[in-house]
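Architecture and fold: a report
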Amino acid sequence: MGRRVVVTGLGLICGVGNSTEEVWQGLLAGKSGVARITQFDSSNFACQIAAEVKNFDPLNYIEKKEVKKMARFIHLAIAASEEALKMSGLQITPENAERVGVHIGSGIGGFDIIEREHSNLVEGGPRKISPFFIPSAIINLAAGQVSMRFGAKGPNEATATACTTSAHSIGDSFRIIQHNDADVMIAGGSEAAITPMGVGGFAAMRALSTRNNEPEKASRPWDRDRDGFVMGEGAGILILEEIEHAKQRGAPIIAEVAGYGMSGDAYHITQPAPEHEGGFRVMRNAVRDAGINPEKVGYVNAHGTSTPIGDTLEAHAIRNYFGEHQIAVSSTKSMTGHLLGGAGGLEAGITVLALRDHILPPTINLENQDPETAGMDFVPNHARKANVEYAMSNSFGFGGTNGALLFKRWE
């Protein structure tokens, strides 16, 4: 089993809010972060809505001359990491720097920079490409910039497993600490792909909701009238720490990381396997890793993207795994949109907060529950008080890559 690992800090940013507590209070109030796209002119796009991070100024976190050298997903990762470190009270010093690592991923990376520099190339030729183009856009530079900014000299990694990215980042960081390769990990993911190519690409797949006239109602997991997901952006960063290390420095322990599961569908580039058997196995693997019975799990923060097929199959996997045990399930993507590679980090943080505060965030816009999920409890439309000991966060990605994180309430 290795060493025990706890969560001592959180940094959450998304369309609902620019800080952990703002996000959390917004979710409990059922606030949607979805609106018309403002970052580019989307008037000729099939989908014209997204959950953009609002009123975010990178200059509050990063020097002006450095801002232009980083894609937006890096700005968001730095801001979330700063908040998470501040909450944890961790001071990174020359004495502990080699025992503090960073594992921050992204599904897509710097689409904004790639599109900008491609325009420079087309309009002005190769001499117009910025010398900072590559290091401002590549996925591992979120982890790289965070490690440099805060002086973390331990393991420095970046995962890119589509929409499971930051769940894997957190789970792999859990393993790194368990195996004594670090005492602390700054772990999670960041995404900022609300760009013409990002939105246009997913719209071309017919994956996005086109409920453009009712943005706040567009993301509606398990609702009979759902028509696709809504893109979101943001970052979710957790500070993971070996339990004795945290106790010795008097850190605020928020929850314990109890288990981590991984699986692959080996089925299709975008569709889950029949009955989401890969999702079934990943939940089983996380619970098995924790060494508990599934009946002890009281809440699942589902992947729940609001797609017709994905929602139904995930519901079947949850029902197949947990059986008659009536488990509460909600999808906070109904409010935050889908952060792609940042989703697992944001939702892991939300799951930890649900345990901390004994309250489950709702699935909003659930007006007519899909008959195929009849009898399941999706915490519809209103947050609910609940005394849960173990809670799970699910993430599933294109290519059939699955991750599940299991957290235990801290007493």
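In short, a report on the structure.

Reading the values: rules and limits
Residues numbered from 1 in each chain as written. Predicted model: local features only at pLDDT ≥ 70, side-chain atom pairs only at ≥ 80, totals over all residues. Heavy atoms only, no water. Axes fitted to C-alpha atoms, helices over the stretch in contact; angles between N-to-C directions. Helix = DSSP H or I, 4+ residues; strand = E, 2+ residues; numbered from the N terminus. Parallel < 35°, antiparallel > 145°, perpendicular 65-115°, else oblique. Contact = heavy atoms within 4.5 Å. Nonpolar A, V, L, I, M, F, W, Y, C, P; charged D, E, K, R; others polar. Pairing = 2+ DSSP bridges. Patch = residues over 30% accessible without salt bridge, like charges linked within 9 Å, V, L, I, M, F, W, Y side chains within 5 Å. Areas by Shrake-Rupley, 256 points an atom, 1.4 Å probe, with all protein chains shown as cover. Salt bridge = Lys/Arg side-chain N within 4 Å of Asp/Glu carboxyl O. Buried < 20%, exposed > 50% of the residue type's maximum accessible area, 1.4 Å probe, protein only. Expected span 1.5 Å × (residues − 1). Core = buried A, V, L, I, M, F, W, Y, C linked by side-chain atoms within 4.5 Å.

**What about the packing of helix α1 (residues 20-28) against helix α13 (residues 343-357)?**
- At a minimum axis distance of 11 Å, the contact between α1 and α13 shows a crossing angle of 75°. Relative to α13, the element α1 is oriented roughly perpendicular. Facing T20, E21, V23, W24 and L27 of α1, the residues of α13 in contact are L346, I350, L353, A354, R356 and D357.
- Of the residues belonging to the contact of α1 with α13, the class tally is seven nonpolar, one polar and three charged.

**So, the sheet that holds strand β5 (residues 156-157)**
- One open sheet accounts for ten strands, arranged β5-β4-β6-β7-β1-β8-β14-β13-β9-β10; its pairing is mixed. Sheet topology places β5 and β10 (328-330) at the edges, where each strand pairs with a single neighbour.
- Across eight bridges, the pairing between strand β6 (residues 184-191) and strand β7 (residues 234-242) is antiparallel. Each residue of the ladder has a partner; that of E191, found in β7, is G234.
- Where helix α10 (residues 277-290) meets the sheet, it contacts β8 (255-264), β9 (297-301), β13 (390-397) and β14 (401-409), and its direction lies at approximately 140° from that of β8.

**Notes on a nonpolar patch on the surface**
- Taken together, L121, V122 and I129 make up a surface patch of nonpolar side chains, about 230 Å² in accessible area.
- If you trace the backbone, V122 turns up in helix α4 (residues 111-124).

**Here's the deal with the pairing of strand β1 (residues 5-13)**
- Summarising burial for β1: nine of the nine residues are buried, a large majority.
- Looking at chain direction, β1 and β8 are connected through three bridges and run antiparallel. Considered in β8, the bridge of V7 is made with A255.
- Examined bridge by bridge, β1 and β7 share eight bridges and lie antiparallel to one another. Among the inter-strand pairings, L12 is bridged to a residue of β7, identified as G236.

**Focus: helix α3 (residues 72-88)**
- Given a rise of 1.5 Å per residue, 17 residues ought to cover 24 Å, and the 25 Å separating the end C-alpha atoms of α3 matches this to within 8%.
- For α3, the tally of buried residues reaches 13 of 17 residues, placing the bulk of the element in the interior.
- Phi turns positive one or two residues past the end of α3, at G89, with a value near 75°.

**A word on the nonpolar core**
- Counting 45 residues, the largest nonpolar core has V7, W24, L238, L240, L360 and F407 as the members making the most contacts within it.
- Ranked by residues supplied to this core, first place goes to α13 with eight residues.
- Those residues within four positions of L360 in sequence are excluded, and the remaining contacts are Y299, A328, A354, V379, A383, R384, A386 and V388.

**What about the packing of helix α7 (residues 165-178) against α13?**
- Following both chains from N to C, one finds α7 and α13 inclined at 60°, their axes separated by 5 Å at the closest point. Counted together, S166, A167 and I170 of α7 and A343, G344, G345 and A348 of α13 form the full contact between these two elements.
- Class assignment of the residues belonging to the contact of α7 with α13 gives a composition of four nonpolar, three polar and no charged.

**Quick look at the pairing of β14**
- β14 sits mainly inside the fold: eight of its nine residues count as buried.
- As judged from the nine bridges shared by β8 and β14, these two strands associate in the antiparallel manner. The residue of β14 that forms the bridge with G259 is L406.
- Across eight bridges, the pairing between β13 and β14 is antiparallel. Across the sheet, the residue bridging to S395 is G403, located in β14.
- What sits between β13 and β14 in their antiparallel hairpin is a turn of three residues, with G399 showing a positive phi close to 85°.

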